[in-house]
Amino acid sequence: ETCDYVIAGAGTCGLVLANRLSEDPNVKVAVIEPGDDVRNNPNVTDVTAFTLALGTEIDWQYTTTPQPAGGNKSIPFHAGKAIGGTSTINGMTYIRGDKAEFDAWEYLGNDGWNWDTLYPYMKQVERFSSPTVAQQAAGASFNPEYHGEDGAVTTAFPFELLNGTFHELVQQSWENLGYPLNPDVNGGETRGFDVWPQTLNRDAGVRQDAARAYYYPVEQRPNLKIIKGTVTKITWADIVESGRPLLANGVEYQTPDRQTLAITATREVLLSAGAVRSPLILERSGIGNPAILEKNGIETLIELNGVGEHLQEQPNTVLGYSSTVNLTGTAPFATFATARDLFGDEYAAIAAATDAKLSEWARKVSEANSGVISACILEKIFRLQHDLIFKKNVTIGETITSVSGNILVSAFWLLLPFSRGSVHLKSVEAINDPAIDPEYLIIDFDLAVQTSLGRLSQELWFTDPVSDLVVSNVLPGGSILPRNATDAQWTAFISSTLAPNHHPVGSASMMSRELGGVVDSKLKVYGTSNVRVVDASVVPLQMSGHLTATLYAVAERAAEFIKNS
Ligand SMILES: Cc1cc2nc3c(=O)[nH]c(=O)nc-3n(C[C@H](O)[C@H](O)[C@H](O)COP(=O)(O)OP(=O)(O)OC[C@H]3O[C@@H](n4cnc5c(N)ncnc54)[C@H](O)[C@@H]3O)c2cc1C
């Protein structure tokens, strides 16, 4: 078979590309995806069903390598296996992040990537439904300037938004703790308490995943085709005229009955298999760290040590409290905190002390990842990250305040970890089983942020007026975390409950090659003339947002680059 573009993965980003590139009827687009059509799966469509798809056949059900910060246990790690990818199983939270975090992309060698260039795409992808009067009474608020109305991704507050007084109690308690209402979290400043919109079609009452937004409306196009299969590697046209970039001519893929087939792409090969899978396809195709490739018997065609490195994931911790009330409905309430919020009077001292530790942290992270990315490079990136935290005051922690029946819940995570891990191929055969090593919390500052967020999340339930609803602390295993818990008690709790936040980024970073980048600012893989990565792998730094709001914008922009090249 022959097409113009072949896309590996019909996920969140892959389907944006598929839609945009097939707008030209003369261009033939093929997408290879191992997952099924899930448009009638109630675990996907039902807007109240978040978590029900986890552990089912539409979840890859990966596990991490043993994590020292989690008692050396391997931890379940979810990702979507479906037409629509992880957008079919995610929490549907639509939050973009802090402006300065996007501006930092430009400092990493990505000309033209900053908040001002990406924000128009964020609005372009969106079709926002303003909250009804009843929803506004239940806490939904917005600034119309921050939202798009004509895009493919419908966003809204759900009709299931919890009404009654819970919202006011929570908002007032956060206010009493010093976190004012942020009336709309999507304008590039996340700090404060907010009620967030979701990627859903409110009036139809269904999840708006990538397939509903970008594929089903155009699935009849004769020039667009989804093929069921798993991409194993890129195939190359000419190997290798020295000094010339490699030209891909298609991919090899495995069918469900394990036949190996090939498809030819006359223009480009586009990898959109997600942050834990696109690096594996690159490695299997001879692009990566020669030490890893050799170990797997793969000839190195392009030495690119950053493939699979720079992986940044956030640890997620949950606290529960039994309540005097029993509530139904969704409570999408988030509070974002800066370092100044979390460290109060100690802020300046902590800024100075952490600045002095950056080179030590860089050494530690480099060593933990076998020295593949040097300490010197990591220190440069850490300085940028430190400036974001302590000079630009971006938010560094998110805590979600929610309720499920008579259990009050706080789920919290540090947003910008200094800890970094990797994802690599375990063996040539193991294309579906990545070695995911997030190296959670290997930097003590990350643990300090997670602990201080935990204390903040806990303090909410002791703060008037919401404290009236609380009966007692209910932790997994029946243990109690006292209000004045020591650092050691918090560490033990965070370790025993360590879970992913499922926002992996950076494993094929868009950065200069010197910093360990894998793709350039047009998302083209260094050393190739026609292979791009377009998915969460390319996001070079973690952010104070949830990823899809950014990824849809990145993919729309990538589609323009591809069309114009
Ligand atoms: C449990 C959970 C909750 C989340 N909650 C939120 C949230 O509330 N809000 C938010 O914004 N983000 C959330 N996220 C994160 C967000 O959904 C993902 O970051 C995003 O969807 C990733 O998009 P992607 O295009 O990089 O990859 P994906 O959407 O994962 O797409 C990758 C696709 O490639 C396919 N694939 C894999 N390997 C191959 C191969 N070798 N060949 C061909 N195809 C392949 C996969 O099956 C998949 O369809 C959540 C994630 C999880 C797991």
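Here the structure is a predicted model, which is why all the values come from computation and not from measurement.

1. Focus: the overall build of the chain
Moving on, step 1. Broken down by element type, the chain carries 15 helices and 23 strands.
Moving on, step 2. For 565 residues, the compact-globule formula gives about 24 Å, and the C-alpha radius of gyration of the chain, at 23 Å, lands near that figure.
Moving on, step 3. Buried positions account for 55% of the 565 residues belonging to the chain.
Moving on, step 4. Of all intrachain contacts in the chain linking residues separated by at least 6 positions in sequence, the fraction that spans at least 24 positions is 73%.

2. What about the nonpolar core?
Moving on, step 1. The biggest cluster of nonpolar side chains holds 167 residues, and the ones touching the most others in it are Val 6, Leu 17, Ala 18, Ile 396 and Ala 555.
Moving on, step 2. Looking at this core, the element that brings in the most residues is helix H15 (residues 547-564), giving ten residues.
Moving on, step 3. Every residue in contact with Ile 396, bar those within four places of it in the chain, is listed here: Ala 337, Thr 338, Ala 339, Leu 342, Ile 389, Leu 414, Leu 415, Leu 416 and Val 449.

3. Remarks on the site of the ligand
Moving on, step 1. Among the 42 residues in the neighbourhood of the ligand, the closest are listed as Gly 9, Gly 11, Gly 85, Gly 91 and His 546.
Moving on, step 2. Elements represented by at least two residues in the shell around the ligand include exactly helix H1 (12-21), strand E2 (29-33), strand E11 (230-236) and H15.
Moving on, step 3. Residues of the shell around the ligand, tallied by class, amount to 18 nonpolar, 20 polar and four charged.

4. So, unusual backbone geometry
Moving on, step 1. Asp 464 connects to Pro 465 through a cis peptide bond whose omega is 0°.
Moving on, step 2. Locating Pro 465 in the fold gives a position in the loop between helix H13 (444-460) and strand E21 (470-473).
Moving on, step 3. Phi is positive for Glu 439, which is not a glycine, with a value near 50°.
Moving on, step 4. Along the chain, Glu 439 turns up in the loop between strand E20 (435-437) and H13.
Moving on, step 5. Note on Glu 439: 24 C-beta atoms within 10 Å, which makes it buried.

5. A closer look at the environment of Tyr 216
Moving on, step 1. Tracing the backbone through its elements, the reader meets Tyr 216 in the loop between helix H7 (210-215) and strand E10 (224-228).
Moving on, step 2. On a C-alpha basis, the gap between Tyr 216 and Asp 37 in space is 10.0 Å, while along the polypeptide they are 179 residues apart.
Moving on, step 3. Here Tyr 216 is in contact with Arg 39 and Ala 211, once residues within four sequence places are set aside.

6. Examining helix H12 (residues 375-390)
Moving on, step 1. The end-to-end C-alpha distance of H12, which contains 16 residues, comes to 21 Å, matching closely the 22 Å that a straight helix rising 1.5 Å per residue would cover.
Moving on, step 2. Along H12, the residues classified as buried are Ile 377, Leu 378, Ile 381, Phe 382, Gln 385, His 386, Leu 388, Ile 389 and Phe 390.

Cut-offs and rules
- Residues numbered from 1 in each chain as written.
- Predicted model: local features only at pLDDT ≥ 70, side-chain atom pairs only at ≥ 80, totals over all residues.
- Helix = DSSP H or I, 4+ residues; strand = E, 2+ residues; numbered from the N terminus.
- Rg over C-alpha atoms; globule rule 2.2 N^0.38 Å.
- Buried ≥ 20, exposed ≤ 12 C-beta atoms within 10 Å, placed from the backbone.
- Contact = placed C-beta atoms within 7 Å.
- Core = buried A, V, L, I, M, F, W, Y, C linked by C-beta atoms within 7 Å.
- Near = placed C-beta within 6 Å.
- Nonpolar A, V, L, I, M, F, W, Y, C, P; charged D, E, K, R; others polar.
- Expected span 1.5 Å × (residues − 1).

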